[in-house]
Amino acid sequence: MLECDVKSGWTQFIEFIENRCSAAEFQNWIAPIELIDSSLEKITIQVPNIFVKEYLLDNFKEILADFLPLQSNGDPAIVFQIAVEEKPILSMPNLHEVEEPAISQLRLNPLYTFENFIEGPSNQFVKSAAFGIAARPGKSYNPLFIHGGVGLGKTHLLHSIGHYVQEHHKKQKVQLITTESFINDIVDALRSKSIDKMKRYYRTLDVLLIDDIQFLQNRLNFEEEFCNTFEALLNQNKQIVITSDKPPTQLKLSERMVARMEWGLVAHMSIPDLETRVAIIKHKSETRGLNIPNQIAFFIAEHIYNNVRQIEGAINRLSAHSRLMSTQMNEEVVEKILSEMFQGNGPMKRISVEEILKSVAAVFEVRISEIKGESRHKEIALARQVAMYLAKEMIDDSLMKIASSFGGKTHSTLLHAWKKISDQIQMNETLRKQVQMVRRNIEN
Ligand code: ADP
Ligand code: MG
């Protein structure tokens, strides 16, 4: 490879990506990257922060490898420089100037800290983003938007950020609100004619943590006030973190609000895999002074799989029982105590990669061996990506393990395929139907 080829390899990569991601994604993630230097062996690029680096490697490592020089392990040879951001010095609010109105003082739950948060592949990215923001509020992504199903730890992370900022940035003013309490505060303020005071108060915050933004839907009168506060803070580089049960685009909110929320980092939290659930069970039971043998922890984790709050409920119940009874804890006893909590008729139906391959091969009319192979033929590559997408959606196992069942692919290839298909099925009706068909065949 010639030196000028390395440089044009990078330009070609950028062009290639531009045609394959949304304009917003390109603007947010790719456009800020600067090429600093290139030689025969490597390129050096500057990224605004660690998240852009992670984004690039998580999503495009293999594509980058096609365009750039390689390291001995086959990874693209990129040296990352993290830009040092210049941030205007925040004028600290003068507390005597700003009279504190009657704002819901939501106290932070002492148990919801980063230390008590168990990491796994389903939440690692969100956790590191949350931690990055807590460590340097207003200096990385703004806003951070965390979405995911009920009981997966969104509120826990939001409080963790609050604790961390209170402890490490003592001068910064943090407020944690639920969307409902924000609305109630506005109503009260309107009633007591103190709405200006309230507005002023919110605009002095350094970090605003907003829980459950979905409750702002269909509250048109409040949405505008919310959006104004939101923009005022963002314009001053104040940190905002939002949680929601849906991604921004699926919320029934104004375009202006959705665009604002999408501007920073939108991070998804999914259901923790089996090992992570077991780790959560061990951690939670230890803090309650309860000793749950491994085998029982696995037994519970296999039966309660889509909600950590329910897992906690199960531990509380076991803990109460173990205090009253002296019976030895075994699967039978545990099942009796927890029977109503166990979902469906038994453990989650175990689906194998082979079943997925078989069904994808049938619907997409390709061979299983082709899906597992290396061919880049368009139809085969699509079938392979659909199979990877479904494997990540339907199989309760670590990404690494799933990826290796596809003829030794890496977990970033799997994530890349998953993201690509998730995006495509939003837009492509035929593909969506095909994927649904495969899914139904597997489930039956
Ligand atoms: P959400 O806001 O997503 O509905 P919460 O943050 O309220 O969920 O979490 C529900 C319960 O599960 C909380 O008690 C929280 O501590 C616990 N929890 C969720 N995820 C984790 C995790 N990864 N590690 C430890 N505890 C967790
Ligand atoms: Mg919550």
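What you are looking at is a predicted structure, and each value in this text was computed from that prediction instead of being measured.

A few words on the overall build of the chain. Helices and strands together make up the secondary structure of the chain, namely 19 helices and eight strands. For 444 residues, the compact-globule formula gives about 22 Å, and the C-alpha radius of gyration of the chain, at 24 Å, lands near that figure. The principal-axis extents of the C-alpha atoms in the chain amount to approximately 70 × 70 × 40 Å. The 444 residues of the chain split such that 50% are buried.

A few words now on helix α9 (residues 255-262). Residues Met257, Val258 and Met261 constitute the buried set of α9. The buried side chains of α9 occupy one side of the element, clustering within an arc of 95° when seen end-on. Each element contacted by the buried residues of α9 is listed here: β4 (144-148), α8 (220-235), β7 (239-244) and β8 (265-269).

If you check the shell around ligand 1, you find 18 residues, and the closest are Gly151, Thr155, His156, Arg309 and Glu312. Between Asn123 and ligand 1, the recorded distance is 3.5 Å, taken from a side-chain N or O atom to a nitrogen atom. Here an oxygen atom of ligand 1 and a backbone polar atom of Gly151 are 2.7 Å apart. Taken by itself ligand 1 offers 560 Å² of open surface, and the protein chains cover 96% of this. The set of elements that each furnish at least two residues to the shell around ligand 1 consists of α5 (154-168), α10 (274-287) and α12 (308-324). Partitioned by chemical class, the residues of the shell around ligand 1 number seven nonpolar, seven polar and four charged. Counting residues domain by domain, the shell around ligand 1 receives three or more from each of domain 2 (124-269) and domain 3 (274-342).

All right, on to the layout of surface pockets then. Taken as a whole, the second largest pocket spans an internal volume of roughly 440 Å³. Along the wall of the second largest pocket there are 24 residues; nearest its centre are Gly151, Leu152, Gly153, Lys154 and Arg309. For the lining of the second largest pocket, the secondary structure elements donating two or more residues are α5, α10 and α12. Of the residues in the lining of the second largest pocket, the class split is eight nonpolar, nine polar and seven charged. Counting the residues that make up the lining of the second largest pocket, at least three belong to each of domain 2 (124-269) and domain 3 (274-342).

Right, let's talk about the pairing of β8 for a bit. What you see with β8 is a clean split: Leu265, Ala267 and Met269 sit on the buried side and Val266 and His268 on the side with no burial. Strand direction decides the pairing type here: β4 and β8, joined by five bridges, are parallel. Paired with Gly148 across the bridge in β8 is Met269.

Per the domain assignment, the segments making up the chain are domain 1 (3-82), domain 2 (124-269), domain 3 (274-342) and domain 4 (353-443). Just the C-alpha atoms count here: the centres of domain 2 and domain 4 sit 36 Å apart.

Right, let's get into the sheet that holds strand β2 (residues 43-47). Sheet strands pair via backbone hydrogen bonds, and the direction of the pair is either parallel or antiparallel. Spatial strand order, β1-β2-β3: three strands in an open sheet with mixed pairing. Looking at strand neighbours, the two that pair on one side only are β1 (34-38) and β3 (78-82), the edges of this open sheet. Neighbour-to-neighbour, the strand axes of this sheet turn through a mean angle of 25°, independent of strand direction. Pairing of β1 with β2, which is carried by four bridges, proceeds in the antiparallel orientation. Bridge assignment links Leu35 to a residue of β2, and that residue is Ile45. Contacts from helix α1 (residues 3-18) reach β1 and β2 within the one sheet, and its direction differs from that of β1 by about 165°.

It is worth spelling out the packing of helix α18 (residues 411-427) against helix α19 (residues 429-443) at this point. Two elements in contact, α18 and α19, have axes whose closest approach is 6 Å; the angle formed by their N-to-C orientations is 120°. Crossing of α18 over α19 shows left-handed handedness. Contacts between α18 and α19 involve Ile421, Gln424, Ile425, Gln426 and Met427 from the former and Glu429, Leu431, Arg432 and Val435 from the latter. Of the residues assigned to the contact of α18 with α19, the class counts are five nonpolar, two polar and two charged.

Attention now goes to the packing of aromatic side chains. Counted according to the given criterion, the structure contains 11 aromatic pairs. Ring centres of Phe13 and Phe60 lie 6.1 Å apart, and the angle between their planes is 70°; this geometry places the pair in the edge-to-face category. Note that Phe13 is positioned in helix α1 and Phe60 in helix α3 (residues 50-67), a separation of 47 residues in sequence. Here Phe13 and Phe60 have matching classes, each one buried.

Below, the discussion takes up α3. Look at α3: only 22 Å from first C-alpha to last across 18 residues, short of the 26 Å you get at 1.5 Å a residue. At Phe60, α3 shows its largest kink, close to 80°. Residues of α3 that are buried include every one of Phe51, Val52, Tyr55, Leu56, Asn59, Phe60, Ile63, Leu64, Ala65 and Phe67, and no others.

Applying the stated criterion to the full structure yields 18 salt bridges. With its nearest N and O atoms 3.4 Å apart, the salt bridge here joins Glu393 to Arg439. With a gap of 46 residues between them, Glu393 in helix α16 (residues 378-394) and Arg439 in helix α19 connect regions that are remote in the sequence. Here Glu393 falls in the partly exposed class, since its relative accessible area comes to 39%. A single network of salt bridges, built from pairs that share partners, joins Glu231, Arg256 and Arg260.

This brings us to unusual backbone geometry. Following Asn142, the chain continues to Pro143 via a peptide bond in cis, the omega torsion being -5°. Here Glu365, not a glycine, exhibits a phi torsion of approximately 55°, which is positive. You can see Glu365 is positioned in the loop between α14 (353-364) and α15 (368-372).

Cut-offs applied
Numbers given for residues are sequential positions, taken from 1 along each chain in its written order. Chains carry letters and ligands carry numbers; both start at the beginning, A for chains and 1 for ligands, and go up in the order they are written. Whole-chain, interface and lining totals are the exception, using all residues; otherwise, since this is a predicted model, local features are given only for residues with pLDDT of at least 70 and side-chain atom pairs are given and counted only at 80 or more. The basis for the side-chain values is all heavy atoms of the structure; hydrogens and waters are excluded. Secondary structure follows DSSP: runs of H or I at least 4 residues long count as helices, runs of E at least 2 residues long count as strands, and numbering of each begins at the N terminus. Put simply, the radius of gyration uses C-alpha atoms, and a globule should come to 2.2 Å times the residue count raised to 0.38. For every residue, the accessible area obtained with a 1.4 Å probe (protein chains only) is divided by the maximum for its type, and the residue is called buried under 20%, exposed over 50%, and partly exposed between those limits. This arc describes the spread of directions from the helix axis toward the C-beta atoms. Whether two residues are in contact is decided by their heavy atoms, any of which lying within 4.5 Å being enough. Proximity is defined per residue: any heavy atom of the residue falling within 4 Å of a molecule or strand makes that residue near it. As used in this structure description, the phrase polar contact means that two N or O atoms lie within 3.5 Å; if the pair is within protein, one of them must be able to donate a hydrogen and the other to accept it, and residues adjacent in sequence are counted only when both atoms belong to side chains. In short, Shrake-Rupley with a 1.4 Å probe defines the accessible areas, and a residue's cover is counted only from the protein chains shown. For this scheme, ten residues count as nonpolar: Ala, Val, Leu, Ile, Met, Phe, Trp, Tyr, Cys and Pro. Four count as charged, namely Asp, Glu, Lys and Arg, and the remainder, Gly too, count as polar. In this document the domain limits rely on a domain assignment from an automatic tool or a database. Only protein atoms enter the calculation, which uses a 1 Å grid: trapped sets of points that fit a 1.4 Å probe without letting it out are cavities, open sets showing protein on both sides within 12 Å along at least five of seven lines are pockets, and any residue with an atom within 4 Å of a point is a lining residue. Grid points are joined across faces, edges and corners, and a volume is the space filled by probe spheres set on the points. A pair of strands is labelled paired if DSSP reports no fewer than 2 bridges between them. Throughout, an axis means a line fitted to C-alpha atoms (over the contacting stretch in the case of helices), and angles, computed between N-to-C directions, take values from 0 to 180 degrees. What makes a crossing left-handed is the near helix being turned counterclockwise from the far one by less than a right angle; a clockwise turn instead makes it right-handed. Note on aromatic pairs: the rings of Phe, Tyr and Trp (six-membered ring only in Trp) are paired at centre separations within 6.5 Å, and the planes decide the class, stacked below 30 degrees, edge-to-face beyond 60, tilted for the rest. Take the number of residues in a helix, subtract one, and multiply by 1.5 Å to get its expected span. Note that bend, as reported per residue, equals the angle between axes fitted to the 7 residues terminating at that residue and the 7 residues originating from it. Throughout this description, the term salt bridge denotes a Lys or Arg side-chain nitrogen within 4 Å of a carboxyl oxygen of Asp or Glu.

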